[in-house]
Amino acid sequence: FTGLGIARSLLGETALRRRRLIVGGILGAVMTLGAATAFTGVAVANDIALADRPAASSRFGPTDPSLDPPPCDGAIAAGSSAHLQVSMSGSVAEHAIGTVQLSGTRDDSNVIWLADVATSLAFGRYGIARVGDRGWELRPGGRWQAVPAATLEADTVDLQVLATALTAGNRATAESLGIGYVEGARARHCRVAIDGPTFVRAFPQVGWLVGGDPITRWRGQLDYWVFADGELGQVIASVNGEGAGLVPKGVLGTVRVTMTATDRGATGSVVPPAP
């Protein structure tokens, strides 16, 4: 509109409307391009200026550039507490079969999380809670129901990943992909091979995607990030294989998962859910 106003001032009110419209459009495009170039230039210059400056803090861990994360096959721990997030998706023959979005809190072995599930096998909000020797489970459309705490031992998310997929034996041949930063926190990026059964044990929530199929012949990789405090903070994994046991069936099935454990050691205690 500014371009149209300038065109009218330059050409006069007696100029043909079509001519004013063309000139105004050209002027508007030039001004838009100039503004976009200026904004982009400032943003890039700001990024370059801040690239070598460590972040003041990060939810993923220490930001001190002088701290070196432990090696991939070294000792790795879980935070005493953590905010947990898991994003999981599956596909068969490149067609999506659903997603799982999980969010919760862990304090030592106490844990509570909720998961929004939309797959071919399940739909709705699920949840589990474990406090001491008591346990609860939430099903879609229902209320929290008491269950034996022992049945929830595999639902501790990051603790479960460390106990199954990232044991010392599994990490003995881990590949180191270098040191980088995750939201300002210094971390070592590592990778291990993983098979289907190990993936199921590490992420039991995958049952909402694959049902009872043990995905025995599936293979894939698991990337994990160890931060300068020696703790696990992020995992990205995927496995694939024959999809004959999935719903719907297909030649090739794939499951991908991203897990983060942030604010480690800074989260509050787990409170039992209201009945």
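Look up a bit, the structure's there.
Rules behind the numbers
Residues numbered from 1 in each chain as written. Predicted model: local features only at pLDDT ≥ 70, side-chain atom pairs only at ≥ 80, totals over all residues. Heavy atoms only, no water. Salt bridge = Lys/Arg side-chain N within 4 Å of Asp/Glu carboxyl O. Buried < 20%, exposed > 50% of the residue type's maximum accessible area, 1.4 Å probe, protein only. Helix = DSSP H or I, 4+ residues; strand = E, 2+ residues; numbered from the N terminus. Polar contact = N/O pair within 3.5 Å; in protein donor to acceptor, adjacent residues only side chain to side chain. Contact = heavy atoms within 4.5 Å. Disulfide = S-S within 2.5 Å.

**Comments concerning the pattern of salt bridges**
The final tally for this structure, using the stated rule, is nine salt bridges. Measuring nitrogen to oxygen at the nearest pair gives 3.6 Å for the salt bridge that ties E137 to R139. Looking at E137, the relative accessible area reads 26%, which means it is partly exposed. The exposure class of R139 is partly exposed, given its relative accessible area of 48%.

**Quick notes on the side chain of D223**
Relative to the helices and strands, D223 resides in strand 9 (residues 219-227). In this structure the side chain of D223 is engaged in a polar contact, spanning 2.7 Å, whose partner is the side chain of R191. When residues no more than four places from it in sequence are discounted, the contact partners of D223 are L177, H189, C190, R191, Q234, V235 and I236.

**Comments concerning the state of the cysteines**
On inspection of all chains with the given rule, the structure shows one disulfide. Disulfide pairing is shown between C72 and C190; the S-S distance is 2.0 Å. Residues C72 and C190 share a disulfide whose torsion about the S-S bond is about -85 degrees; that sign makes it left-handed. On the criterion of sequence distance, the pair formed by C72 in the loop between helix 2 (17-50) and strand 1 (81-92) and C190 in strand 8 (residues 185-195) is long-range, its members being 118 residues apart. Residue class for C72 comes out buried when judged on its relative accessible area of 6%. Residue class for C190 comes out buried when judged on its relative accessible area of 0%.

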